[in-house]
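Working through the structure, step by step
Each chain, written out:
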Amino acid sequence: MFIQVELTPNPLTLKFIPGEYVTGSEPVNIPSKETAYKSPLAEELFKIQDVEGIFLGYDFITVTKNEAADWNILKAEILTTIMDFYVSGKAILNDKANTTIEVSSENDTDIVKQIKEIIETRVRPAVAQDGGDIIFVEYEDGIVRLELHGACSGCPSSTITLKSGIENMLKYYVPEVVAVEAV
């Protein structure tokens, strides 16, 4: 098994691509040891000192470290853990892991439906390439609130992405949008 490793815009996060499905569907954010019960793989990765967050994408894993840790040392241990886990044949997600992300609801207004469609088709695929995800939280009084996961969470360029990228796009396609905020 060959696992590719890619840098992300967030210097504290690396993207690991095992060449096989990870979730195979919706991404799963595991921001702490306390939420690692969702994935046996995440539980194993959190046993590594200095690992602070895990994000499981369709076909990738992003790992966030603390600032003091050195990727040159940490990367080898993460690669070994991922490889050993895949060889074990264990399921990556537990049955109790809730991976459903609501794309649309019958209660959504037309504006919310437009916003969610743009995020789903244009934004999420783009940020997944960088090892992250952006999830719609709410739209109220012209303000769109989004959750940042994986490499996007804590990334130095996330503000630029939100304001120059996502906010401008949403304002263009949905004139009612006046701002985008991270929650």
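1. Thoughts on the sheet that holds strand 3 (residues 28-30)
If you walk across this open sheet you meet the 5 strands as 1-2-5-4-3, and the pairing is antiparallel. One side of each edge strand has no neighbouring strand; the edge strands of this open sheet are strand 1 (4-7) and strand 3. On average, each strand axis in the sheet is inclined to that of its neighbour by 20°, with strand direction left out of account. Judged from the 4 bridges that link them, strand 1 and strand 2 (residues 13-17) form a sheet pairing that is antiparallel. Across the sheet, the residue bridging to valine 5 is phenylalanine 16, located in strand 2. Lying over the sheet, helix 2 (residues 71-88) contacts strand 1, strand 2, strand 4 (51-56) and strand 5 (61-65), oriented at roughly 30° with respect to strand 2.

2. Details of the pattern of salt bridges
Counting across every chain of the model gives 9 salt bridges. Its salt-bridge partner being glutamate 181, residue arginine 145 comes within 3.5 Å of it at the nearest N-O pair. In this pair, arginine 145 is assigned in strand 7 (residues 143-150) and glutamate 181 in strand 8 (residues 179-182), connecting sequence segments 36 residues apart. For arginine 145, a relative accessible area of 19% corresponds to the buried category. By relative accessible area, which is 32% here, glutamate 181 ends up partly exposed. One network of salt bridges, with partners in common, ties together Glu26, Glu120, Arg124 and Asp133.

Criteria and cut-off values
Residues numbered from 1 in each chain as written. Predicted model: local features only at pLDDT ≥ 70, side-chain atom pairs only at ≥ 80, totals over all residues. Heavy atoms only, no water. Pairing = 2+ DSSP bridges. Helix = DSSP H or I, 4+ residues; strand = E, 2+ residues; numbered from the N terminus. Axes fitted to C-alpha atoms, helices over the stretch in contact; angles between N-to-C directions. Contact = heavy atoms within 4.5 Å. Salt bridge = Lys/Arg side-chain N within 4 Å of Asp/Glu carboxyl O. Buried < 20%, exposed > 50% of the residue type's maximum accessible area, 1.4 Å probe, protein only.

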